[in-house]
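Topology and contacts: notes
In case you want the letters, here they are:
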Amino acid sequence: MSVPQSVRKSEPFAADIAAFIASDTFPCVGAKSALRTGQVTVHEAGNFHAESGVERLHDKLSEFGDSLKDARGAVQTFICAFDRAELMSEEAFEQRLWAHLQALHDLDVERGHDWAEGVSTDPASPDFSVSIAGEGYFVVGLHPGASRPARRFCRPALVFNSHTQFEALRADGRYGRMQTIIREREIARVGSINPMLGNHGSRAQAPQFSGREVGEDWVCPFSVRTTS
């Protein structure tokens, strides 16, 4: 398929991401809308098994967070896509996902950023989001070894969705409509919704990041630091 101009990055990352978002396998209408309207920002992050690119990723997320202030209601998303890697178990992917988020957070603290307003620092809280440069994010992990088709992407990727944007969508009623469509599509395709998902703000957010089904005894491998 041709690569829509809405994915603001070059081949091959853009082609993979555009094809995935546009496919019937991927049910998120918010991301599809962002793709159509040119609001998908893609960052090429290199090796998934290293955090050597954390400074550049933090810079790009900071720029993206600033751009949200001028969004004027548009749905935007930031996708950090890594080089193709060997097939990983869901447990291995989850460990690497949180290692990347920990590295981002540690650098965030070193750069003097306070935690985003309106979101919790407690990963067990329904109000938790990862804070980068003062903006809270719900993170969606994608990788080839995901058990759910909606999370099964040809390369490891982390999708950053703004908490502020979620709240704006809830306030104007779009979030509820989008959620209903997403769940209907996933049920129609695979027979069920991801058992880890809940209404935004109604259950712990952190266990949903990797897409792996976990029990109530799951402990988030993420430590929140404070600025000095």
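Details of the structure are given in the entry above.
Notes on the structure follow.

Reading the values: the criteria
- Residues numbered from 1 in each chain as written.
- Predicted model: local features only at pLDDT ≥ 70, side-chain atom pairs only at ≥ 80, totals over all residues.
- Heavy atoms only, no water.
- Helix = DSSP H or I, 4+ residues; strand = E, 2+ residues; numbered from the N terminus.
- Buried < 20%, exposed > 50% of the residue type's maximum accessible area, 1.4 Å probe, protein only.
- Contact = heavy atoms within 4.5 Å.
- Areas by Shrake-Rupley, 256 points an atom, 1.4 Å probe, with all protein chains shown as cover.
- Salt bridge = Lys/Arg side-chain N within 4 Å of Asp/Glu carboxyl O.
- Phe/Tyr/Trp six-rings, centres within 6.5 Å; stacked < 30°, edge-to-face > 60°.
- Pairing = 2+ DSSP bridges.
- Axes fitted to C-alpha atoms, helices over the stretch in contact; angles between N-to-C directions.
- Core = buried A, V, L, I, M, F, W, Y, C linked by side-chain atoms within 4.5 Å.
- Polar contact = N/O pair within 3.5 Å; in protein donor to acceptor, adjacent residues only side chain to side chain.

This paragraph deals with the overall build of the protein. For the protein, the count of helices and strands is six helices and five strands. Each of the 228 residues in the protein was classed as buried or not, and the buried ones make up 50%. Contacts in the protein between residues at least 24 apart in sequence constitute 69% of all its contacts with a sequence separation of at least 6. When the accessible area of the protein is evaluated, it comes to approximately 10600 Å², of which 49% is carbon and sulfur surface.

Next up on the list: the pattern of salt bridges. If you walk through the whole model with that rule in mind, you get eight salt bridges. Note that Arg96 is salt-bridged to Glu51, the shortest N-O span being 2.4 Å. Taken together, the residues span a long stretch of sequence, with Arg96 in helix 4 (residues 90–110) and Glu51 in the loop between strand 1 (40–44) and helix 3 (54–67) at a distance of 45 residues. Close ionic contact of Arg212 with Glu94 constitutes a salt bridge, the shortest N to O distance being 2.9 Å. Residue Arg212 is located in the segment after helix 6 (174–190), and its partner Glu94 is located in helix 4; the two are separated by 118 residues in the primary sequence. The burial state of Arg212 is the same as that of Glu94; both residues are buried.

We now examine the packing of aromatic side chains. The full count for this structure, using the stated rule, is 15 aromatic pairs. When the centroid spacing of 4.9 Å and the interplanar angle of 45° are considered together, the rings of Phe20 and Phe153 count as tilted. With Phe20 in helix 1 (residues 13–22) and Phe153 in the loop between strand 4 (135–142) and strand 5 (157–162), this residue pair connects regions lying 133 residues apart in the sequence. Phe153 gets classed as buried once you look at its relative accessible area, which sits at 4%. Centroid distance Phe138 to Phe209: 5.2 Å. Interplanar angle 75°. Geometry classified as edge-to-face. Here the residue Phe138 occupies a position in strand 4, and Phe209 occupies one in the segment after helix 6, the gap between them amounting to 71 residues.

Moving on to the sheet that holds strand 3 (residues 130–132). Either a parallel or an antiparallel arrangement is found when strands of a sheet pair, and the pairing is made through backbone hydrogen bonds. Strand order in the open sheet formed by five strands is 1-2-5-4-3, and the pairing between neighbours is mixed. Two strands close off the open sheet at either side, each with one partner strand: strand 1 and strand 3. Sheet twist, expressed as the average angle between the axes of neighbouring strands with direction ignored, equals 35°. Pairing of strand 2 (residues 77–81) with strand 5, which is carried by four bridges, proceeds in the antiparallel orientation. Its bridge partner lying in strand 5, Phe78 is registered against Phe160. In this fold helix 4 packs onto strand 3, strand 4 and strand 5, with an angle of close to 55° to the strand it touches most, strand 5.

The next point concerns the nonpolar core. The biggest cluster of nonpolar side chains holds 53 residues, and the ones touching the most others in it are Trp98, Leu101, Phe160 and Phe209. The element that contributes the greatest number of residues to this core is helix 4, accounting for seven residues. With sequence-adjacent residues up to four places away left out, Leu101 is seen in contact with Val130, Val139, Phe160, Phe209 and Phe222.

Here we take up the side chain of Ser120. Examined against the element boundaries, Ser120 turns out to sit in the loop between helix 4 and strand 3. A polar contact is formed between the side chain of Ser120 and the backbone nitrogen of Asp122, at a distance of 2.9 Å. If we ignore the near neighbours within four places in the chain, the residues touching Ser120 are Trp115, Ser125, Asp127, Phe128 and Ser129.

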